[in-house]
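# Structure at a glance
Residue-level listing of the chains:
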Amino acid sequence: MQLRSDNSVPAVILGMDDPSSLGVMRCLAECGVPLAGVDYTTDRRYAFKSRFLKHAFLVPHTHDGVLRILDRKELSGNVLLPVNDHFVASTSRFKEKLSKHFRLFTPAWSVIRKCLDKWEMYLHACSLGIPTPRTFCPATPAELNALLGSEILRKGSWLVKPR
(Lines give C-alpha, C1' and ligand atoms only; values in the text may rest on other atoms or scores of the structure.)
Protein backbone atom coordinates (compact mmCIF):
# COMPACT_ATOMS: atom_id res chain seq x y z
CA MET A 1 0.00 0.00 0.00
CA GLN A 2 2.03 2.89 -1.30
CA LEU A 3 1.14 6.58 -1.61
CA ARG A 4 -1.78 6.90 -3.99
CA SER A 5 -2.05 9.24 -6.94
CA ASP A 6 -4.55 11.42 -5.03
CA ASN A 7 -1.85 11.94 -2.33
CA SER A 8 -3.78 10.09 0.40
CA VAL A 9 -1.53 8.08 2.67
CA PRO A 10 -2.55 4.54 3.68
CA ALA A 11 -2.95 3.85 7.38
CA VAL A 12 -2.13 0.87 9.57
CA ILE A 13 -4.43 0.46 12.57
CA LEU A 14 -2.61 -1.16 15.48
CA GLY A 15 -4.92 -2.92 17.93
CA MET A 16 -7.85 -4.51 16.15
CA ASP A 17 -9.20 -5.84 19.47
CA ASP A 18 -10.21 -2.36 20.59
CA PRO A 19 -13.81 -1.36 19.80
CA SER A 20 -12.57 2.05 18.65
CA SER A 21 -10.72 0.36 15.78
CA LEU A 22 -14.05 -0.05 13.96
CA GLY A 23 -14.83 3.65 14.26
CA VAL A 24 -11.35 4.63 13.14
CA MET A 25 -11.62 2.30 10.14
CA ARG A 26 -15.03 3.59 9.13
CA CYS A 27 -14.00 7.26 9.32
CA LEU A 28 -10.80 6.76 7.36
CA ALA A 29 -12.41 4.48 4.78
CA GLU A 30 -15.13 7.06 4.12
CA CYS A 31 -12.31 9.48 3.26
CA GLY A 32 -10.86 6.95 0.82
CA VAL A 33 -7.86 5.98 2.96
CA PRO A 34 -6.65 2.42 2.30
CA LEU A 35 -6.35 0.47 5.56
CA ALA A 36 -4.36 -2.38 7.05
CA GLY A 37 -4.87 -3.85 10.50
CA VAL A 38 -2.38 -5.35 12.96
CA ASP A 39 -2.98 -7.36 16.12
CA TYR A 40 -1.74 -10.42 18.03
CA THR A 41 -4.44 -12.88 17.07
CA THR A 42 -7.57 -13.03 14.96
CA ASP A 43 -9.53 -14.68 17.79
CA ARG A 44 -12.51 -12.47 18.66
CA ARG A 45 -11.09 -9.71 16.45
CA TYR A 46 -14.27 -8.79 14.62
CA ALA A 47 -12.55 -5.75 13.11
CA PHE A 48 -10.36 -8.10 11.03
CA LYS A 49 -13.56 -9.05 9.19
CA SER A 50 -14.37 -5.46 8.21
CA ARG A 51 -14.98 -4.73 4.55
CA PHE A 52 -12.88 -1.57 4.96
CA LEU A 53 -9.70 -3.49 5.76
CA LYS A 54 -7.48 -4.27 2.78
CA HIS A 55 -4.82 -6.25 4.68
CA ALA A 56 -4.49 -7.87 8.11
CA PHE A 57 -1.25 -8.86 9.82
CA LEU A 58 -0.43 -10.65 13.03
CA VAL A 59 2.54 -9.79 15.26
CA PRO A 60 3.84 -11.58 18.37
CA HIS A 61 2.29 -10.53 21.68
CA THR A 62 5.59 -9.36 23.12
CA HIS A 63 7.02 -6.07 24.31
CA ASP A 64 8.69 -5.49 20.94
CA GLY A 65 6.18 -7.38 18.75
CA VAL A 66 5.17 -4.15 17.01
CA LEU A 67 8.63 -4.06 15.41
CA ARG A 68 7.63 -7.06 13.29
CA ILE A 69 5.66 -4.73 11.03
CA LEU A 70 9.05 -3.48 9.84
CA ASP A 71 9.24 -6.83 7.98
CA ARG A 72 6.25 -5.74 5.90
CA LYS A 73 7.93 -3.59 3.28
CA GLU A 74 4.59 -2.91 1.57
CA LEU A 75 3.54 -0.90 4.64
CA SER A 76 6.55 1.41 4.55
CA GLY A 77 5.51 5.08 4.49
CA ASN A 78 2.06 4.39 5.96
CA VAL A 79 0.65 6.20 8.97
CA LEU A 80 0.64 4.09 12.15
CA LEU A 81 -2.46 4.56 14.30
CA PRO A 82 -2.32 2.69 17.61
CA VAL A 83 -5.79 2.45 19.17
CA ASN A 84 -5.14 0.59 22.43
CA ASP A 85 -2.81 1.14 25.38
CA HIS A 86 -0.43 -1.67 24.51
CA PHE A 87 0.18 -0.50 20.95
CA VAL A 88 0.38 3.15 22.03
CA ALA A 89 3.07 2.19 24.55
CA SER A 90 4.96 0.00 22.07
CA THR A 91 4.81 2.57 19.30
CA SER A 92 6.02 5.25 21.68
CA ARG A 93 8.88 3.14 23.06
CA PHE A 94 10.10 2.22 19.58
CA LYS A 95 9.30 5.57 17.98
CA GLU A 96 12.84 6.15 16.73
CA LYS A 97 13.04 2.83 14.86
CA LEU A 98 9.47 2.96 13.56
CA SER A 99 9.67 6.59 12.41
CA LYS A 100 12.36 5.67 9.87
CA HIS A 101 9.75 3.64 7.97
CA PHE A 102 6.35 4.98 9.02
CA ARG A 103 4.55 8.23 9.75
CA LEU A 104 3.88 8.50 13.48
CA PHE A 105 1.89 10.87 15.64
CA THR A 106 2.52 9.08 18.93
CA PRO A 107 4.05 11.29 21.65
CA ALA A 108 7.38 10.47 23.27
CA TRP A 109 7.51 7.67 25.87
CA SER A 110 8.09 10.22 28.66
CA VAL A 111 4.63 11.64 27.89
CA ILE A 112 2.84 8.34 27.26
CA ARG A 113 4.22 6.82 30.48
CA LYS A 114 2.57 9.59 32.48
CA CYS A 115 -0.75 8.90 30.79
CA LEU A 116 -0.74 5.12 31.13
CA ASP A 117 0.60 4.89 34.69
CA LYS A 118 -2.05 6.34 37.00
CA TRP A 119 0.49 7.13 39.73
CA GLU A 120 2.72 8.98 37.25
CA MET A 121 -0.35 10.87 36.02
CA TYR A 122 -1.27 11.84 39.58
CA LEU A 123 2.26 13.07 40.33
CA HIS A 124 2.36 15.05 37.10
CA ALA A 125 -1.03 16.65 37.78
CA CYS A 126 0.13 17.63 41.27
CA SER A 127 3.34 19.14 39.86
CA LEU A 128 1.22 21.31 37.55
CA GLY A 129 -1.08 22.41 40.36
CA ILE A 130 -4.10 20.57 39.02
CA PRO A 131 -6.54 19.72 41.85
CA THR A 132 -6.64 15.97 42.42
CA PRO A 133 -8.18 13.67 45.01
CA ARG A 134 -5.76 12.62 47.71
CA THR A 135 -3.99 9.55 46.35
CA PHE A 136 -1.71 6.92 47.83
CA CYS A 137 0.50 4.32 46.23
CA PRO A 138 1.69 1.80 48.81
CA ALA A 139 4.63 -0.21 47.47
CA THR A 140 4.45 -3.14 49.89
CA PRO A 141 1.76 -5.07 51.76
CA ALA A 142 3.09 -3.53 55.00
CA GLU A 143 2.60 0.00 53.61
CA LEU A 144 -0.92 -0.93 52.51
CA ASN A 145 -1.77 -2.34 55.95
CA ALA A 146 -0.43 0.80 57.63
CA LEU A 147 -2.50 2.95 55.29
CA LEU A 148 -5.64 0.88 55.89
CA GLY A 149 -5.21 1.29 59.64
CA SER A 150 -4.61 5.03 59.45
CA GLU A 151 -7.05 7.82 60.29
CA ILE A 152 -6.77 9.14 56.73
CA LEU A 153 -8.96 6.39 55.27
CA ARG A 154 -11.55 6.36 58.03
CA LYS A 155 -13.16 9.50 56.61
CA GLY A 156 -15.22 9.08 53.45
CA SER A 157 -15.07 6.62 50.58
CA TRP A 158 -11.98 5.31 48.90
CA LEU A 159 -10.94 3.04 46.08
CA VAL A 160 -8.01 0.64 45.78
CA LYS A 161 -6.64 0.21 42.28
CA PRO A 162 -3.59 -1.91 41.51
CA ARG A 163 -0.84 -0.12 39.63
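This section reports on the structure supplied with the text. Starting from 1, residues in each chain are numbered consecutively following that chain's sequence as written. Where local features are concerned, this predicted model is filtered to residues with pLDDT of at least 70; where side-chain atom pairs are given and counted, the filter is 80 or more; whole-chain, interface and lining totals use all residues. Neither water nor hydrogens contribute to the side-chain values; these are computed over all heavy atoms in the structure.

## Describing the overall build of the chain
Threshold: Here a helix means four or more residues in a row that DSSP labels H or I, a strand means two or more in a row labelled E, and each is numbered from the N terminus. Each residue is assigned to one of three classes by its accessible area relative to the maximum for its type, calculated with a 1.4 Å probe on protein chains only: buried under 20%, partly exposed between the two thresholds, exposed over 50%. A 1.4 Å probe and the Shrake-Rupley method give the accessible areas. Residues count as covered only by the protein chains that appear here.
The helix and strand tally for the chain stands at 6 helices and 4 strands. Along the chain, from the amino end to the carboxyl end, the secondary structure elements read β-α-β-β-β-α-α-α-α-α. Split into buried and exposed, the 163 residues of the chain put 35% on the buried side. About 10,200 Å² of surface is accessible on the chain, with carbon and sulfur atoms providing 57% of the total.

## Describing the nonpolar core
Worth spelling out the cut-off: Among buried residues, those of type Ala, Val, Leu, Ile, Met, Phe, Trp, Tyr and Cys that are joined through side-chain atoms within 4.5 Å constitute a nonpolar core. Only heavy atoms matter for contacts: two residues are in contact if any of them lie within 4.5 Å across the pair.
Leu14, Val38, Ile69, Leu80 and Leu98 are the most contacted members of the largest nonpolar core, which totals 17 residues. Among the secondary structure elements, those contributing two or more residues to this core are strand 1 (11-14) and strand 2 (35-39). With residues up to four places along the chain from it excluded, the contact list for valine 38 reads Val12, Ile13, Leu14, Gly15, Met16, Phe48, Phe57, Val59, Ile69 and Phe87. In this structure, Met16, Phe52, Leu53 and Val83 belong to the second largest nonpolar core, which totals 13 residues.

## Structural notes on the pairing of strand 1
To keep it simple, the criterion reads: Two strands qualify as a pair provided DSSP detects at least 2 bridges between them. Classification remark: right-handed applies to a crossover when, strands pointing away from the viewer, the course from the first strand over the helix to the second runs clockwise.
Side chains Ala11 and Ile13 of strand 1 all project onto a buried face; the interleaved residues Val12 and Leu14 project onto the opposite face, where all are buried too. Across 4 bridges, strand 1 lies against strand 2 in parallel orientation. Of the residues in strand 2, the one forming a bridge with valine 12 is alanine 36. Taking the sense of rotation as the criterion, the β-α-β connection linking strand 1, helix 1 (residues 20-30) and strand 2 turns out right-handed. Summarising the sheet, strand 1 and strand 4 (residues 79-82) pair through 4 bridges and their orientation is parallel. Bridge assignment links valine 12 to a residue of strand 4, and that residue is leucine 80.

## Details of the packing of helix 2 (residues 85-93) against helix 4 (residues 109-116)
For the record, the criterion: Axes here mean lines fitted to C-alpha atoms, for a helix over just the part in contact, with angles spanning 0 to 180 degrees between N-to-C directions. Any angle between 65 and 115 degrees counts as roughly perpendicular, while under 35 counts as roughly parallel, over 145 as roughly antiparallel, and the rest as oblique. When the near helix sits turned anticlockwise from the far one by under a right angle, the crossing is termed left-handed; a clockwise turn instead gives a right-handed crossing. Three classes are used, and their members are as follows: Ala, Val, Leu, Ile, Met, Phe, Trp, Tyr, Cys and Pro are nonpolar, Asp, Glu, Lys and Arg are charged, and the others, Gly among them, are polar.
At a minimum axis separation of 9 Å, helix 2 and helix 4 run at an interaxial angle of 155 degrees. When the interaxial angle is binned, helix 2 and helix 4 end up roughly antiparallel. Crossing angle aside, the handedness with which helix 2 passes helix 4 is left-handed. Here Asp85, Val88, Ala89, Ser92 and Arg93 of helix 2 come into contact with helix 4, specifically with Trp109, Ile112 and Leu116. Per-class residue counts for the contact of helix 2 with helix 4 are 5 nonpolar, 1 polar and 2 charged.

## Quick look at the sheet that holds strand 4
Ordered in space as 3-2-1-4, the 4 strands form an open sheet in which the pairing is parallel. Each having just a single partner strand, strand 3 (53-58) and strand 4 make up the two edges of the open sheet. On average, each strand axis in the sheet is tilted by 25 degrees relative to the strand beside it, whichever way the strands run. Here strand 2 runs beside strand 3; their pairing, made up of 5 bridges, is parallel. Paired with glycine 37 across the strands is alanine 56, a residue of strand 3.

## Some details on the packing of helix 4 against helix 5 (residues 118-127)
One way to put it is that helix 4 packs onto helix 5 with a least axis distance of 5 Å and a crossing angle of 105 degrees. Compared by their axis directions, helix 4 and helix 5 come out roughly perpendicular. Contact residues: Arg113, Lys114, Cys115 and Leu116 in helix 4; Lys118, Glu120, Met121 and His124 in helix 5. Counted by class, the contact of helix 4 with helix 5 contains 3 nonpolar, 1 polar and 4 charged residues.

## Details of the environment of alanine 47
Relative to the assigned elements, alanine 47 resides in the loop between strand 2 and strand 3. The spatial distance from the C-alpha of alanine 47 to the C-alpha of aspartate 17 is 7.2 Å, given a sequence separation of 30 residues. In contact with alanine 47, not counting residues within four places along its chain, are Met16, Ser21, Leu22, Met25 and Leu53.

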